[in-house]
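# Observations on the model geometry
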Amino acid sequence: NHKSDSRGALIVLEGLDRSGKTLQSRKLISYLEGLSYSVESWRFPDRNTGVGQMISSYLANKSELDDHAIHLLFSANRWEKRFVSMSHALCYVLLLQRSLMENKLRCGTTLIVDRYSFSGVAFSSAKGLDIEWCKAPEMGLLAPDLVLYLDIPPEVICSIIKFVVEVKAPEMGLLAPDLVLYLDIPPEKAAERGGYGGERYEQLEFQRKVVRSYQILHDASWKTIDACLPIEDVEKQLQEVVLDCVTTCQKGKPLSQLWS
Ligand code: DGP
Ligand code: NA
Ligand code: NA
């Protein structure tokens, strides 16, 4: 069935701090909305969740955490947006529920995501952590296939199990983006931009290491854009590649998992 395979695109923006990701995400959203596409703006870390608040306090130097521990918190922050839990219905169908992210995409909504797992690996490996160790929590957590809270009538459980079997085993890992837009800026140039230095990682020497880590992660899904060009030029270039990607996904390009 061709039509039901049509979906939104998963598009990620990556780059050093102050490379212009947030501004360009906003511009992409209004561009796609102007063309009547269904589109949402996401960002990682999402500082609004409980985990996100711990990350935010760490970034503001208000708390100290072991490098491994903070790496796992950043990853957990992506996993918590991967799955839907039906806590309000007194039952939890984890993993076999379509993910929050996957659901949006399958319903035809394109997601423009400001940072994703690549930031996770680039920033933690820049501290000296092993790159494969950094990738591991992004690739696939072991989780229960089904957890049912038993305080509901058996008939309801039966219908949930039936639903679960029909949905089939979904992807175990985080979703791979259809397109990674890398906003390329020399660390020295980024440091000259306003607001720099406010958070933990915004230090020139460290950002130089992040660039090297990003270079290792680069693959065919990446598109590098010169972030030193005037804002309007960056905007134009992004619009072109994004439109192309959205069209391909509309035609039913299958979803895939990150680093699998
Ligand atoms: P932002 O809100 O985009 O300015 O990101 C906050 C900072 O956190 C920024 O310096 C990049 C860094 N960062 C983003 N995601 C991750 C991650 O998954 N792991 C680590 N270690 N750092 C990250
Ligand atoms: Na930042
Ligand atoms: Na940003």
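A brief look at the structure comes next. Just so it is clear, the structure is predicted and the values come from calculations on it, not from any experiment.

What follows deals with the coordination of the sodium ion (ligand 2). At this site the sodium ion (ligand 2) is bound by Asp17 (OD) and Glu202 (OE), with donor distances of 2.4 to 3.0 Å. In this structure, the sodium ion (ligand 2) lies 5.2 Å away from the sodium ion (ligand 3). Taken together, the residues span a long stretch of sequence, with Asp17 in the loop between β1 (10-15) and α1 (21-34) and Glu202 in the loop between α8 (187-192) and α9 (204-217) at a distance of 185 residues. Residue Glu202 is classed as buried on the basis of its relative accessible area, which comes to 10%.

What follows covers the site of ligand 1. If you check the shell around ligand 1, you find 14 residues, and the closest are Asp17, Arg47, Arg78, Arg115 and Gly120. In this structure, an oxygen atom belonging to ligand 1 sits 2.9 Å away from a side-chain N or O atom of Asp17. Note that an oxygen atom of ligand 1 is positioned 3.4 Å from one of the side-chain N or O atoms of Arg43. Calculation on ligand 1 without its partners gives an accessible area of 490 Å², and the protein chains cover 94% of this total.

On to the nonpolar core, then. Ranked by size, the top nonpolar core spans 62 residues in total, and within it Ile11, Met101, Tyr116, Phe118, Leu181 and Tyr214 carry the most contacts. Of the residues forming this core, the biggest block, 7 residues, is contributed by helix α10 (residues 231-250). Contacts of Ile11, omitting those with residues within four sequence positions, involve Thr110, Leu111, Ile112, Val113, Leu179, Leu181, Val242, Cys245 and Val246.

Glancing now at the sheet that holds β1. Here 5 strands make up an open sheet; going across it, the order is β2-β3-β1-β4-β5 and the pairing parallel. At either end of the open sheet lies a strand with only one pairing partner, and these are β2 (39-43) and β5 (222-226). Sheet twist, expressed as the average angle between the axes of neighbouring strands with direction ignored, equals 20 degrees. In this structure, β2 lies alongside strand β3 (residues 110-114), joined through 5 bridges in parallel fashion. Residue Val39 lies in a different strand from β3, and its bridge partner there is Thr110.

On inspection of all chains with the given rule, the structure shows 14 salt bridges. Residue Asp178 is joined to Lys253 by a salt bridge in which the shortest nitrogen-to-oxygen separation is 2.7 Å. Taken together, the positions of Asp178 in the loop between α7 (154-167) and β4 (179-184) and Lys253 in the segment after α10 put the pair 75 residues apart, joining distant regions of the chain. Its relative accessible area of 32% is what places Lys253 among the partly exposed residues. The shortest N-O distance in the salt bridge between Glu205 and Arg208 comes to 2.5 Å. With Glu205 and Arg208 both in helix α9 and 3 residues apart, the pair spans about one turn of that helix. Judged by relative accessible area, which is 47%, Glu205 ranks as partly exposed. A single network of salt bridges, built from pairs that share partners, joins Arg7, Asp178 and Lys253.

Along the chain, Lys135 turns up in helix α6 (residues 131-139). The buried charged residue Lys135 lacks any salt bridge partner; its closest oppositely charged side chain belongs to Glu132, at an N-O distance of 4.4 Å.

Looking only at helix α2 (residues 50-59), the buried set comprises Val51, Gly52, Ile55, Tyr58 and Leu59. Considered in projection along α2, the buried side chains sweep an arc of 120 degrees and stay on one side of the axis. Turned more than 90 degrees off the buried face of α2, the exposed positions are Gly50 and Gln53. Contacts from the buried residues of α2 go to α3 (67-79). One or two residues past the end of α2 sits Asn61, with phi positive at roughly 60 degrees.

The subject of this paragraph is the environment of Glu192. With respect to the helices and strands, Glu192 occurs in helix α8. Overall, the relative accessible area of 61% leaves Glu192 in the exposed class. Separated by 132 residues in the primary sequence, Glu192 and Ala60 have C-alpha atoms spaced 20 Å apart.

Conventions used here
- Residues numbered from 1 in each chain as written.
- Chains lettered and ligands numbered in written order.
- Predicted model: local features only at pLDDT ≥ 70, side-chain atom pairs only at ≥ 80, totals over all residues.
- Heavy atoms only, no water.
- Donors = N, O, S within 2.8 Å, 3.2 Å for Na, K, Ca; no water.
- Helix = DSSP H or I, 4+ residues; strand = E, 2+ residues; numbered from the N terminus.
- Buried < 20%, exposed > 50% of the residue type's maximum accessible area, 1.4 Å probe, protein only.
- Near = heavy atom within 4 Å.
- Polar contact = N/O pair within 3.5 Å; in protein donor to acceptor, adjacent residues only side chain to side chain.
- Areas by Shrake-Rupley, 256 points an atom, 1.4 Å probe, with all protein chains shown as cover.
- Core = buried A, V, L, I, M, F, W, Y, C linked by side-chain atoms within 4.5 Å.
- Contact = heavy atoms within 4.5 Å.
- Pairing = 2+ DSSP bridges.
- Axes fitted to C-alpha atoms, helices over the stretch in contact; angles between N-to-C directions.
- Salt bridge = Lys/Arg side-chain N within 4 Å of Asp/Glu carboxyl O.
- Lys, Arg positive; Asp, Glu negative; His and termini not counted.
- Arc of directions from axis to C-beta.

Purely geometric stuff here, so don't read any function into it on its own.
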